[in-house]
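# Architecture at a glance
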Amino acid sequence: MKLLEQRIKKDGKVLSNQVLKVDSFLNHQVDPQLMMEIGKEFSKRFADEGITKIVTIESSGIAPAVMTGLYMNVPVVFARKRKSLTLSEGLLTASVHSFTKNVTNEISVSQNYLNKEDKVLIIDDFLANGQAALGLIHIVQQSGAQVAGIGIVIEKSFQDGAEMLEKLGYRVESLARISSLENGKVTFKGQKAEELVS
């Protein structure tokens, strides 16, 4: 998705060979216009899958998931990372390790919002090692629902998450695929050498 790639080039900050900071438009301050375009793109890519629910994880996955839900006209369910007084029984749970924060969270979704008739689209902001996606897949499987696909805003293609999920048989659609963050520069997968010079 060219618009997203341009925004990453303009406003993304490479913090290391592993970490890209996009908090000015995706995961702290949110650009609603960009999120609308992201939602529209995911809805096009998964239009023929019969999606009935979108599942994401709080908090950075919520904005792209809601916009996708708006375009697909389906509800969005987000897995919580924190315990809630109102969400304590009938939980579907999974453990998820965050590469960026180096912490493991138990995520949960109420079993009231997923069932075996659902065809689920998982949406998340980043895909690196695939741990968040695996946790969400585990929750969807516990409900008896089917994972129809996984939509990722930014994929770190130099890490093994996408390849691992595809080997498990899941369709992964990433809107921006980063092949490298070396030398403080963002390089997109498939980017030609002459594009790197400019």
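Residues numbered from 1 in each chain as written. Predicted model: local features only at pLDDT ≥ 70, side-chain atom pairs only at ≥ 80, totals over all residues. Heavy atoms only, no water.

### A closer look at the nonpolar core
To keep things clear, this is the line we draw: Take the buried residues of types Ala, Val, Leu, Ile, Met, Phe, Trp, Tyr and Cys, join any two whose side-chain atoms come within 4.5 Å, and each joined set is a nonpolar core. Three labels apply to residues, based on accessible area from a 1.4 Å probe with only protein chains included: buried if under 20% of the type maximum, exposed if over 50%, partly exposed otherwise in between. Working definition: helices are DSSP H or I runs of at least four residues, strands are E runs of at least two. Numbering for both runs from the N terminus. Two residues qualify as a contact provided that any one of their heavy atoms is within 4.5 Å of a heavy atom in the partner residue.
If you look at the biggest cluster of nonpolar residues, it comprises 30 residues, and the most contacted ones within it are L4, I8, L20, I38, I51, I54 and I154. Broken down by secondary-structure element, the contributors of at least two residues to this core are α1 (2-11), α2 (32-45), α3 (62-72), β7 (119-127), β8 (146-156) and β9 (172-180). Among the elements that make up this core, the one with the highest residue count is α2 (four residues). Those residues within four positions of I154 in sequence are excluded, and the remaining contacts are I8, V22, L26, D125, F126, L127, A176 and I178. Among the nonpolar cores identified, the runner-up in size contains 27 residues, and L92, A94, V120 and A162 belong to it.

### Topic: unusual backbone geometry
Negative phi characterises most residues that are not glycine, and trans characterises most peptide bonds. Residue E58 is joined to S59 through a cis peptide bond whose omega torsion reads 0°. Inspection of the secondary structure puts S59 in the loop between β3 (53-57) and α3. Here N73, not a glycine, exhibits a phi torsion of approximately 60°, which is positive. Relative to the elements of secondary structure, N73 occurs in the loop between α3 and β4 (76-79). Although it is not a glycine, N183 adopts a positive phi angle of roughly 55°. Residue placement: N183 occurs in the loop between β9 and β10 (187-188).

### Some words on helix α4 (residues 131-143)
Counted only if it meets this: In this scheme, a helix's expected span is set at 1.5 Å multiplied by one less than its residue total.
When the terminal C-alpha atoms of α4 are compared, their 19 Å separation across 13 residues agrees well with the 18 Å that a helix rising 1.5 Å per residue should span. Among all positions in α4, only A132, A133, G135, L136, I137, I139, V140 and S143 are buried. Looking one or two places after α4, you find G144, whose phi comes out positive at around 90°.

### A short note on the packing of α2 against α3
Defined as follows: Each axis is a line fitted through C-alpha atoms, taken for helices only over the stretch in contact, and angles between the N-to-C directions span 0 to 180 degrees. Just so you know how the angles are binned, under 35 degrees is roughly parallel, over 145 roughly antiparallel, 65 to 115 roughly perpendicular, and the rest oblique. Crossings are classed by handedness, with left-handed meaning an anticlockwise turn of the near helix from the far one by less than a right angle and right-handed meaning a clockwise turn. Following the grouping adopted for this structure description, the nonpolar residues are Ala, Val, Leu, Ile, Met, Phe, Trp, Tyr, Cys and Pro, the charged ones are Asp, Glu, Lys and Arg, and the polar ones are all others, Gly among them.
Interhelical geometry of α2 versus α3 gives an angle of 55° and a closest axis separation of 7 Å. One way to sum up the angle between α2 and α3 is to call them oblique. Here the hand of the crossing between α2 and α3 comes out right-handed. Contacts from P32, M35, M36, I38, G39, K40, F42 and S43 of α2 reach α3 at A63, P64, M67, T68, Y71 and M72. Taken together, the residues of the contact of α2 with α3 break down into 10 nonpolar, three polar and one charged.

### Points about a nonpolar patch on the surface
Cut-off, in case you're wondering: Only residues above 30% relative accessible area that lack a salt bridge enter a patch, with like-charged residues linked at up to 9 Å and the nonpolar side chains Val, Leu, Ile, Met, Phe, Trp and Tyr linked at up to 5 Å. Each accessible area is a Shrake-Rupley result for a 1.4 Å probe, and residues are judged covered by the shown protein chains and nothing else. One speaks of a salt bridge when a side-chain nitrogen belonging to Lys or Arg is within 4 Å of a carboxyl oxygen belonging to Asp or Glu.
A grouping of M36, L70 and Y71 is seen on the molecular surface, where their side chains present a nonpolar patch of about 280 Å² in accessible area. Assignment of secondary structure puts M36 in helix α2. With relative accessibility at 30%, the residue M36 sits in the partly exposed group.

### Quick word on the pairing of β7
Stated precisely, the cut-off is as follows: DSSP calls a pair of strands paired once it identifies at least 2 bridges connecting them. When the strands point away from the viewer, a crossover counts as right-handed if the route from the first strand across the helix to the second turns clockwise.
Burial analysis of β7 places eight of its nine residues in the buried class, the great majority of the element. With three bridges joining them, β3 and β7 adopt parallel strand pairing. Across the sheet, residue V55 finds its bridge partner in β7, namely I122. Crossover handedness for the path β7 to α4 to β8: right-handed.

### Focus on the UniProt feature "binding site: xanthine" (unreviewed entry) in the chain
For the record, the criterion: UniProt positions are given in the numbering used here, feature names are shortened, and annotations may be inferred rather than shown by experiment. We call two N or O atoms a polar contact when they sit within 3.5 Å, provided that within protein one can donate a hydrogen and the other can accept it, with sequence-adjacent residues counted only if both atoms are side-chain atoms.
What UniProt calls "binding site: xanthine" (unreviewed entry) maps, in this numbering, to L20, N27 and K156. Positionally, L20 belongs in strand β2 (residues 20-21). You can call L20 buried: its relative accessible area is 6%. Non-local contacts of L20, meaning those with residues more than four positions away in its chain, are made with I8, G12, K13, V14, F126, I178, L181 and V186. Tracing the backbone shows N27 in the loop between β2 and α2. In terms of polar contacts, N27 uses its side chain to reach the backbone amide nitrogen of D23, at 3.4 Å.

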